[in-house]
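Here is how the chains run, residue by residue.
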Amino acid sequence: MPQCLPIIRLKLGKFKVVRRQLLQRYEHQPFVSCLAGLYGCQWRRYQRARAQPGECCCSKVECGSFGLLMLTFFLSFVFLYFWSEAQNDYNDFDWFNFGTLGFWFPWSLVLLVVAAALFTYIALLLVLAVCLLSEGQRLYLHWSHKIGIVVTLVFSATATAILSDLWSKEWKTLLLSLQVTAPFLHVGAVSLMTLLSWPIALHFFRMNKRVRQVAILSLYLSVLFSLYLVPLGMYSPCIKEAGTLGPAPTLIGHRGAPMLAPENTVMSFEKAVEAGGEGLETDVTISYDGIPFLMHDITLRRTTNVAQVFPNRSHSDASTFTWAELQQLNAGEWYLSRDPFGTVSSLSETDRSRAQNQSIPSLAQFLEVAAQSGRMVLFDLRRPPYGHPYSQTYINTTLQVVHKHINSSQVLWLPSEHREVVQAGDPDLQQMSGEKSSIQELEHQHISRLNLHYSSMSEQQISKYWSVNISTNLYVISQAWLYSLAWCSGSQSVTTNSVQLLSDLSQPLFLMTPEEYSLMWILTDAVSVFLIIAIFIFHWWRERGLPFWSGSRQVHENGPYSKFRTELSDVWSISSVNVRPDLRSSPSSPSTPDLPTITEE
């Protein structure tokens, strides 16, 4: 047994040296200087201070600034997420501003870039603050950053309020996006809360007021447990049993392929067919002399050069022009100059030259493209204004052209006016409704397909209608995540601006079984709980000290480490230990920097 004592002492000495190294606090001066300099412009050591045990991490003013920073981070993130998920409707937003302001500008992209830049700025400030707290530093936010926070907060709140008023339906898009992104947002949020446990645990054990400890821990645990339980209330049609996914929705080109050619032109429809579109969608107006032609807007101002050819009629109704006048207009130059989808640079020289020379097509030309390619056609028919020569006969005029150029079974008839008369006159037309109704009413009207906005997407309703052979078409879906959601929801077709992109998807972007999702959820929460408990135990051990065992005798450390303050940092000194005589320096021998061997008394 006496022979084992040196070995026991050696092991115990190593253990205590390792423990002392763990308990030491090193203030990494360059790192802390960089953090404090960027956060509060405190580049010099004497300008900053550490938070002493029992002290708050900042003054009341700085505490308010930190709270405002957290609020701004949350609001700027919500707006950035909201606007980034609204990319599907950026084109509509930009054209809305064109109609209001009178000139074209990609406002949607500018808004996205500004929102991303401001959020990045706020996120960096928050990271700096958390790092300073983790280093035990008192917070001091520079006045310029306080102004930046206020500017970001005002921008995020104002932009959210304005867009909510003008584009309230985009909130439905945000809710739909959560059906795809919620599992990953959950992982990100839990990871963030796990990282925050480090500074929170540090300051929790350094507080000397029980009220503060309870407040900070209660708030933290409330948010944490809420995040742990969020998946219980989450629903996504893309979480389904293996083998239950239906076929991909067929693609209907919205005004052709407007990313590859000017919308509602022959070139656009031919590009949609080449890209794999199984249907073509357009809008029909009747000219003043009775020729049905393709035009979405009431006026010709947006998609033609009417302001140059007919300067005094740029705001006139498109149906007031004769077919000869319409043929004088160019319907492609605007596409090259404005580049509404940012895709013009990807076109070949041949396609650019062809796009520049496009004209307004007639309904007959459109139907011939569809008939030759065997594609379905879907069009909305606008009634001419009162006083127009064909305001009462526009439906018959359109039907005559349809019967002459295409098989009626290829036509999805959307206009609701005089539907019963149209159905009786041509039963082969596929009747399509743009409104939800009861199954009985839809069957009474001989509706075989619904044309609904994607924001009303519902797996239950789609399944209910499909059970009686009424298919559902969702419009306008151009983003891959929305198409994936429509696919998982069971939609039979979608109208899209990006036929060339969606046709390449072989499966939904997000698809997993309930078992896989449960494993992902439980594993994320379990790892988070383990790490947070380990972090809190470590800080408790470091701040308070723990008893350790030597053989069968428990030895408490009553003062081996005494904490004192220096100008440079907090250090720990070793007391109540013996240094073996044979290792002490004699007066004549040079001093050595070696650590003393620590032995148990």
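Residues numbered from 1 in each chain as written. Predicted model: local features only at pLDDT ≥ 70, side-chain atom pairs only at ≥ 80, totals over all residues. Heavy atoms only, no water.

*Asks:* So what about the state of the cysteines? Which residues, and what values?
*Replies:* Counting across every chain of the model gives one disulfide. Paired by a disulfide, Cys 238 and Cys 488 hold their sulfur atoms 2.4 Å apart. With the S-S bond torsion at 105 degrees, the cross-link from Cys 238 to Cys 488 turns out right-handed. Here Cys 238 is found in the loop between helix 8 (210-229) and strand 1 (250-254), whereas its partner Cys 488 is found in helix 19 (residues 480-489), with 250 residues between them in sequence. You'll find Cys 238 and Cys 488 in the same group, each marked buried. Unpaired in terms of disulfides, Cys 34 finds its nearest cysteine sulfur in Cys 131, a separation of 9.9 Å. Cys 34 sits in the partly exposed class, given a relative accessible area of 37%. Given the relative accessible area of 26%, Cys 131 is considered partly exposed. (Disulfide = S-S within 2.5 Å. Helix = DSSP H or I, 4+ residues; strand = E, 2+ residues; numbered from the N terminus. Buried < 20%, exposed > 50% of the residue type's maximum accessible area, 1.4 Å probe, protein only.)

*Asks:* Give a detailed account of the pattern of salt bridges, specifying residues and quantitative values.
*Replies:* Scanning all chains against the criterion turns up 11 salt bridges. For Lys 271, the salt bridge identified is with Asp 351, shortest N-O distance 3.0 Å. Remark: Asp 351 occurs in helix 13 (residues 349-356) and Lys 271 occurs in helix 9 (residues 266-275); sequence separation between them is 80 residues. For the pair Lys 271 and Asp 351, a shared accessibility class is recorded, and that class is buried. Linking Arg 302 and Asp 297 is a salt bridge whose minimum nitrogen-to-oxygen distance equals 2.6 Å. Taking relative accessible area as the criterion, Asp 297 reaches 17% and is therefore assigned buried. What you see here is one network of salt bridges that share partners, running through Arg 255, Glu 263, Asp 283, Asp 297 and Arg 302. (Salt bridge = Lys/Arg side-chain N within 4 Å of Asp/Glu carboxyl O.)

*Asks:* Describe the packing of aromatic side chains, with residues and values.
*Replies:* According to the stated counting rule, one finds 28 aromatic pairs in the structure shown. Residues Phe 184 and Phe 510 carry aromatic rings whose centres are separated by 5.6 Å and whose planes lie at 75 degrees to one another, so their mutual orientation is edge-to-face. Here Phe 184 is found in helix 7 (residues 170-206), whereas its partner Phe 510 is found in the loop between helix 20 (499-502) and helix 21 (514-544), with 326 residues between them in sequence. For Phe 184, a relative accessible area of 46% corresponds to the partly exposed category. An aromatic cluster is present here, built from Phe 79, Phe 82, Trp 83, Tyr 90, Phe 93, Phe 96, Phe 155, Trp 167 and Trp 171 joined pairwise through their rings. (Phe/Tyr/Trp six-rings, centres within 6.5 Å; stacked < 30°, edge-to-face > 60°.)

*Asks:* If you had to explain the pairing of strand 8 (residues 471-475) to someone new, which residues and values would you point to?
*Replies:* Among the five residues in strand 8, four count as buried, and that is most of the element. Of the pairings in the sheet, the one linking strand 7 (residues 447-453) to strand 8 comprises five bridges and is parallel in character. Following the sheet pairing, Asn 451 is matched in strand 8 by Asn 473. Two strands pair when backbone bridges link them, and strand 8 and strand 9 (residues 493-496) are joined in this way by two bridges, in the parallel orientation. The residue bridging Leu 474 from the neighbouring strand is Val 494, located in strand 9. (Pairing = 2+ DSSP bridges.)

*Asks:* Give me the environment of Thr 299: which residues, what numbers.
*Replies:* Inspection of the secondary structure assignment puts Thr 299 in the loop between strand 3 (292-294) and helix 10 (306-309). Those residues in contact with Thr 299 that sit more than four places away from it in its chain are Ser 314, His 315, Ser 316 and Ala 318. (Contact = heavy atoms within 4.5 Å.)

*Asks:* Any details on the side chain of Asp 283? Residues and values, ideally.
*Replies:* Looking at where Asp 283 falls in the secondary structure, it is placed in strand 2 (residues 279-286). Accessibility expressed as a relative area gives 10% for Asp 283, which makes it buried. Not counting chain neighbours up to four residues away, the residues in contact with Asp 283 comprise Arg 255, Asn 264, Phe 293, Leu 294, Met 295, His 296 and Asp 380.

*Asks:* A description of a nonpolar patch on the surface should follow, citing residues and the corresponding values.
*Replies:* On the surface, Leu 101, Phe 103, Phe 105, Trp 107, Val 110 and Val 114 cluster together to form a nonpolar patch covering roughly 480 Å² of accessible area. If one sorts the elements of the nonpolar patch by residue count, helix 5 (residues 107-134) sits on top with three residues. Along the chain, Phe 105 falls in the loop between helix 4 (90-101) and helix 5. A relative accessible area of 33% means that Phe 105 is categorised as partly exposed. (Patch = residues over 30% accessible without salt bridge, like charges linked within 9 Å, V, L, I, M, F, W, Y side chains within 5 Å. Areas by Shrake-Rupley, 256 points an atom, 1.4 Å probe, with all protein chains shown as cover.)

*Asks:* Hey, could you go over the packing of helix 5 against helix 6 (residues 143-166) for me, with residue numbers and the actual values?
*Replies:* One way to put it is that helix 5 packs onto helix 6 with a least axis distance of 10 Å and a crossing angle of 140 degrees. Classified by the interaxial angle, the pair formed by helix 5 and helix 6 is oblique. Pair helix 5 / helix 6 crosses with left-handed handedness. Across the interface between the two elements, Leu 111, Val 114, Ala 115, Leu 118, Tyr 121, Ile 122 and Leu 125 from helix 5 touch Ser 144, His 145, Gly 148, Ile 149, Thr 152, Phe 155 and Leu 163 from helix 6. Within the contact of helix 5 with helix 6, the residues separate by chemical class into 10 nonpolar, four polar and no charged. (Axes fitted to C-alpha atoms, helices over the stretch in contact; angles between N-to-C directions. Parallel < 35°, antiparallel > 145°, perpendicular 65-115°, else oblique. Left-handed = near helix turned anticlockwise from the far one by under 90°. Nonpolar A, V, L, I, M, F, W, Y, C, P; charged D, E, K, R; others polar.)

*Asks:* Describe empty space enclosed by the protein, with residues and values.
*Replies:* A complete count under the given rule lists four cavities of 30 Å³ or more for this structure. By volume, the largest cavity is sized at about 70 Å³. Around the largest cavity sit 13 residues that line it, and Glu 263, Asn 264, Leu 294, Met 295 and Thr 303 are the ones nearest its centre. Classifying every residue of the lining of the largest cavity by side-chain character gives five nonpolar, five polar and three charged. (1 Å grid on protein atoms, 1.4 Å probe; cavity = no way out; pocket = protein on both sides within 12 Å on 5 of 7 lines; lining within 4 Å. Points joined across faces, edges and corners; volume = space filled by probe spheres on them.)

*Asks:* Please provide a residue-by-residue account of unusual backbone geometry, values included.
*Replies:* For Asn 264, which is not a glycine, the phi torsion comes out positive at approximately 55 degrees. Along the chain, Asn 264 turns up in the loop between strand 1 and helix 9.

*Asks:* Break down the pairing of strand 7 for me, with residues and values.
*Replies:* Taken across its seven residues, strand 7 has six buried, putting it largely inside the fold. The handedness of the strand 6 (residues 430-433) to strand 7 crossover, carried by helix 17 (residues 439-444), is right-handed. Where the polypeptide runs from strand 7 across helix 18 (residues 459-466) and back to strand 8, its parallel neighbour, the crossover connection is right-handed. (Right-handed = clockwise from strand over helix to strand, strands pointing away.)

*Asks:* Outline helix 3 (residues 60-84), listing residues and values.
*Replies:* Every α-helix carries 3.6 residues per turn, so stepping three or four residues along brings you back to the same face. For helix 3, with 25 residues, the first-to-last C-alpha span of 36 Å sits near the 36 Å given by 1.5 Å per residue. Among all positions of helix 3, only Glu 62, Ser 65, Phe 66, Leu 69, Thr 72, Phe 73, Ser 76, Phe 79, Leu 80, Tyr 81, Phe 82 and Trp 83 are buried. Packed against the buried residues of helix 3 are helix 2 (29-40), helix 4, helix 5, helix 6 and helix 7. (Expected span 1.5 Å × (residues − 1).)

*Asks:* Lay out the confidence of the model for the chain with the relevant residues and their values.
*Replies:* For the chain, mean pLDDT is 85; residues scoring 70 or higher make up 83% of the total. Low pLDDT (under 50) marks residues 23-27, which in the prediction has 18 contacts with non-local residues, meaning those over four places away or in another chain. (pLDDT = per-residue confidence, 0-100.)

*Asks:* Describe the side chain of Asn 264, and please don't skip the residues or the numbers.
*Replies:* Overall, the relative accessible area of 6% leaves Asn 264 in the buried class. Only 2.8 Å separates the side chain of Asn 264 from the side chain of Thr 282, close enough to count as a polar contact. In this structure, Asn 264 is in contact with Arg 255, Phe 269, Glu 281, Thr 282, Asp 283, Leu 294, Met 295, His 296 and Pro 361, ignoring residues within four places of it in sequence. (Polar contact = N/O pair within 3.5 Å; in protein donor to acceptor, adjacent residues only side chain to side chain.)

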